[in-house]
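# Structural features, examined
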Amino acid sequence: MSVLLLAELDNGALSASTARVAAAAAQLGPVDLLVAGPRAAADQAATIAGIAKVIHAKEAVLADGLATLLAGLAEAYTVIAAAASTTGKDVMPRLAAKLDVQPVTDIVAIEGATRFVRPIYAGNALETVTDLQAKHVLTFRPSAFRPAASGNAAPIEALDADIVSAARFIAAHRTESDIPDLSTAQIVVGGGVSVGSAEGFKLVEALGRTLGAAIGATRAAVDAGYAPNDWQVGQTGKIIAPDLYIAVGISGALQHLAGIQGAKKIIAINTDAEAPIVKIADVALIGDLFDILPKLTAELEKSGLKR
Amino acid sequence: MKILVAVKRVVDHNVRIRVRPDGTGVETTGVRMSMNPFCKHAVEAAVQMAEAGHTEEVVIVSIGPKPANDVILTALAMGAHRGVLIETDQALETLAIAKLLAKVVDEEKPDLVLLGKQAVDDDSNHVGQMLAALTDRPQATFASAIKLAGDELEVTREVDSGRETIAIPLPAIVTADLRLNTPRNAALPMVMKARAKPLAIRPASELGVDLAPRLKVEKVSPPAERSAGRAVNSVAELAAIIADDVNAMEAI
Ligand SMILES: Cc1cc2nc3c(=O)[nH]c(=O)nc-3n(C[C@H](O)[C@H](O)[C@H](O)COP(=O)(O)OP(=O)(O)OC[C@H]3O[C@@H](n4cnc5c(N)ncnc54)[C@H](O)[C@@H]3O)c2cc1C
Ligand SMILES: Nc1ncnc2c1ncn2[C@@H]1O[C@H](COP(=O)(O)O)[C@@H](O)[C@H]1O
C-alpha cells in the first residue's frame, strides 16, 4: 500500500508530531510526505526515517484548499493520512467525502493493514474496525506513536499546484511561549479551576518550568480565563501521553480523563481524597495546592534535576 | 437568511457508559439520552442570530430513531422554528449522515448550516466537514465566535496553536465549539409552545442515499483500567518521587 501523508506544520515550521504520524503511516507502506509550507519545513521533513519522498507545495492552511490539493494527488495512493490535529480534523473528513470514502480517525493502534483501533465515548470504549474500502482516509493520534528516527535524506519534489480557497485567512491569535509542545511533551503539569485566578495559575507554570514540562489545563480553567484555550486537555482539547502527568486541583471529570489516558504515570494534588482523579492516580498528595506547590517547586529546584 | 441546524441525540454526556460484556458495543438501553452538547451551542448560535434579526427561519434536522424527536423539541423550545426528523433505526456512519444532510440542504437551501463540532458518542468530528465537501461549500470548523459581515461570516476557530479568524462567503457550513456561547435552558412555556411547532418526519430510506456501512466494527472493548496507587504524606516525599522519575526518563 502506498501512503500519502500530510505533514503537520505549526506556523510554517514542521511539528514534532509529524515524525510520530510518519512512524504510524510507515507501518502501512512507503510514505510520501506532503509539505504545504515553507521550503525549510520540507528540508526538515526529508530527514524523517521511512519517508520515500517529500512533495513540497505552496503554503496552504485552509481546509478547502488543502482538501483539493490532497484530492488531486489521491489517485496514486491507497492511503491518505494526517495527524488527528485540528488541521487533520478540519481537512481529512472533507477529503474523504470528496473521495466517497468513510474515514477512520483518531487511530491509536494499528492491528494490521486494514484494522485500526480508535477511542469512542471520550475514550471510555475502544472500537476496533476493519476498513475494506479500496482507498483509506486515516488520521493518527500523534501521542499514541513513538516518533520515527531522523537521518534520512529523502528526495524533495516540487509540486506546482495553485491552491484555491473560498475561505480567507484573517489572523492567527497564537499563544506564544517557550514551554514545550503540549501534545508531545514528556512531562505535563495540568492546572484546574481551583487555582482561582490567572495569578494562581502561575504556581502551576512555575512547577512546570522547574521540570521542563508543558502546561495543561481543564476546560473549567480555560473558560475562567486562567489559561489559554490551547492548553486545554481532554475530549475537546489536546490528547496527551506524557511519561508523567501532574494534575493540580483537577477533579478528573471523564472529559478531562479522556485526554490523559495515555499518560504513563499520574500524580494528583488535591484537597479531596475522594476526587475521581485521586482514584486513578499512581501517587496522590492530599492537601492545598497553594500550600504545596511553592514548597514542591522549591524542593525540586534544590534537588538538581537532570534536565 | 435561513439557517439549518443538525442535532444528534446521544447518550447524555454525564452518563458513565458501560461496554457490553460481549464486545458488541456500548450499552445504550435504559440509559439517559439527550442532545449532543456541541449541537446545543449550534442551536443557541442560530437562535441568537434570529433574535438579532439576521435570520427569518431556523430549521432543525436530526437523523435517528423516533425518540430523536425529543432533541428536536428541545431545539424548538430554545427558539428554533421548525423541525425535520429523518427517521431510521439503523446506526449510520458519518458519511451516510452527511449524505442525508446534503439531501436536506438540497431541499431547504439554507444560507448557513450549523452543526456541532463532534458528537460525544462516536467522537468522530466528521459530519460538518463532509457536508461542506458534498455541498461544495466553504467551512469554518470549531467556531468560538461567529460574526456576520455582509454576505460573509467572520469565524474565530479554536485550533491547536490558539485561535484563528477566517472569513467565509455564504452559503457556508460552520461547526460549533463549546466556547461559542452559553446555551439557554428553555423555560416551561417554551417547551409547551415547541409542541405546536411544525415537525416533519421522513423515513431515511425515502432520500435515496446508500446507507450501507463501509467499515466493519470487529469489537468494542473497555480501555485498560487505572486504579489508585499510593498516597504520600509530605511534599518532601512527593518531590523525591518526581525527582526519581524525571532523572530516570530517557530523552526523546
Ligand atoms: C461536551 C463536554 C466536553 C468537555 N471537554 C472537556 C475537556 O476537553 N477538558 C476538560 O478538562 N474538561 C472538559 N469538559 C468539562 C468537564 O466536564 C469538567 O467540568 C472540567 O474538567 C472540570 O475542571 P476542574 O477539574 O478544573 O474543576 P472541578 O471539577 O471544579 O474540580 C476542581 C478540583 O479542585 C480541587 N480543589 C479545590 N481547591 C483546591 C485546593 N486549594 N488545592 C487542591 N485542590 C483543590 C477540588 O477538590 C476538585 O477536585 C467538558 C464538558 C463537556 C460537557
Ligand atoms: N444523526 C445525526 N443527526 C443530525 N446531525 C448529526 C447526526 N450525526 C452527526 N450530526 C451532526 O454532526 C456533528 C458532528 O458529528 P460527528 O461527526 O459524528 O462527530 C454533530 O454535532 C451534529 O451536528
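Structural notes, computed from the coordinates. For clarity, every value in this text was computed on a predicted model and none was experimentally measured.

Attention shifts here to the overall build of chain A. Scanning chain A from N- to C-terminus turns up nine helices and 18 strands. For chain A, whose C-alpha radius of gyration is 20 Å, the value lies close to the compact-globule estimate of 19 Å for 307 residues. With the principal axes as the frame, chain A shows a C-alpha extent of 60 × 40 × 35 Å. The 307 residues of chain A split such that 59% are buried. Long-range contacts, defined as pairs at least 24 residues apart, comprise 63% of the intrachain contacts of chain A with a sequence gap of at least 6. By element, 53% of the accessible surface of chain A is carried by carbon and sulfur atoms, the whole surface being about 11,000 Å².

Taken together, the contact pairs 83 residues of chain B with 92 residues of chain A. Approximately 7,200 Å² of surface area, both sides summed, lies buried where chain B meets chain A, with 55% of it carried by carbon and sulfur atoms. The largest contributions to the chain B side of the interface with chain A come from B:Asp160, B:Arg179 and B:Arg226, which together make up 10% of the buried area. Inspection of the chain B/chain A interface yields eight salt bridges. A:Asp282 is the partner of B:Arg226 in a salt bridge, and the nearest nitrogen-oxygen pair spans 3.8 Å. Summed over the shared surface of chain B and chain A, the result is 45 residue pairs in polar contact (both at pLDDT 80 or more). Of all the elements in the fold, those that place two or more residues in the side of chain B that touches chain A are helix H3 (94–108), helix H4 (127–134), strand S7 (139–149), strand S8 (152–159), strand S9 (162–169), strand S12 (215–221), strand S13 (230–232) and helix H6 (235–248) of chain B. Element by element, the count of residues in the side of chain B that touches chain A is highest for H6(B), at ten residues. Across the side of chain B that touches chain A, the residue classes tally to 39 nonpolar, 19 polar and 25 charged. With six bridges connecting them, strand S10 (residues 125–131) of chain A and S12(B) associate as antiparallel partners. The residue of S12(B) that forms the bridge with A:Thr128 is B:Lys219.

This part covers the site of ligand 2. Residues and elements named next belong to chain B. The local shell around ligand 2 holds 19 residues, among which Ala6, Ile63, Ala119, Asn125 and His126 are the closest. In the environment of ligand 2, an oxygen atom lies 2.7 Å from a nitrogen or oxygen atom belonging to the backbone of Ala119. A distance of 3.0 Å separates an oxygen atom of ligand 2 from a polar side-chain atom of Asp122. If ligand 2 stood free it would expose 480 Å²; the protein chains cover 99% of that surface. Only strand S4 (57–64), H3 and strand S6 (112–116) provide two or more residues apiece to the shell around ligand 2.

Glancing now at the pairing of strand S8 (residues 109–112) of chain A. Residue and element names in this part refer to chain A. The sheet contact formed by S8 and strand S9 (residues 115–120) spans three bridges and is antiparallel. Pairing of Ala109 across the sheet is with Val117, part of S9. Linking S8 back to S9 in an antiparallel pair, the connection comprises two residues.

Cut-off values and rules
- Residues numbered from 1 in each chain as written.
- Chains lettered and ligands numbered in written order.
- Predicted model: local features only at pLDDT ≥ 70, side-chain atom pairs only at ≥ 80, totals over all residues.
- Heavy atoms only, no water.
- Helix = DSSP H or I, 4+ residues; strand = E, 2+ residues; numbered from the N terminus.
- Rg over C-alpha atoms; globule rule 2.2 N^0.38 Å.
- Buried < 20%, exposed > 50% of the residue type's maximum accessible area, 1.4 Å probe, protein only.
- Contact = heavy atoms within 4.5 Å.
- Areas by Shrake-Rupley, 256 points an atom, 1.4 Å probe, with all protein chains shown as cover.
- Buried area = accessible area lost by both parts, 1.4 Å probe.
- Salt bridge = Lys/Arg side-chain N within 4 Å of Asp/Glu carboxyl O.
- Polar contact = N/O pair within 3.5 Å; in protein donor to acceptor, adjacent residues only side chain to side chain.
- Nonpolar A, V, L, I, M, F, W, Y, C, P; charged D, E, K, R; others polar.
- Pairing = 2+ DSSP bridges.
- Near = heavy atom within 4 Å.

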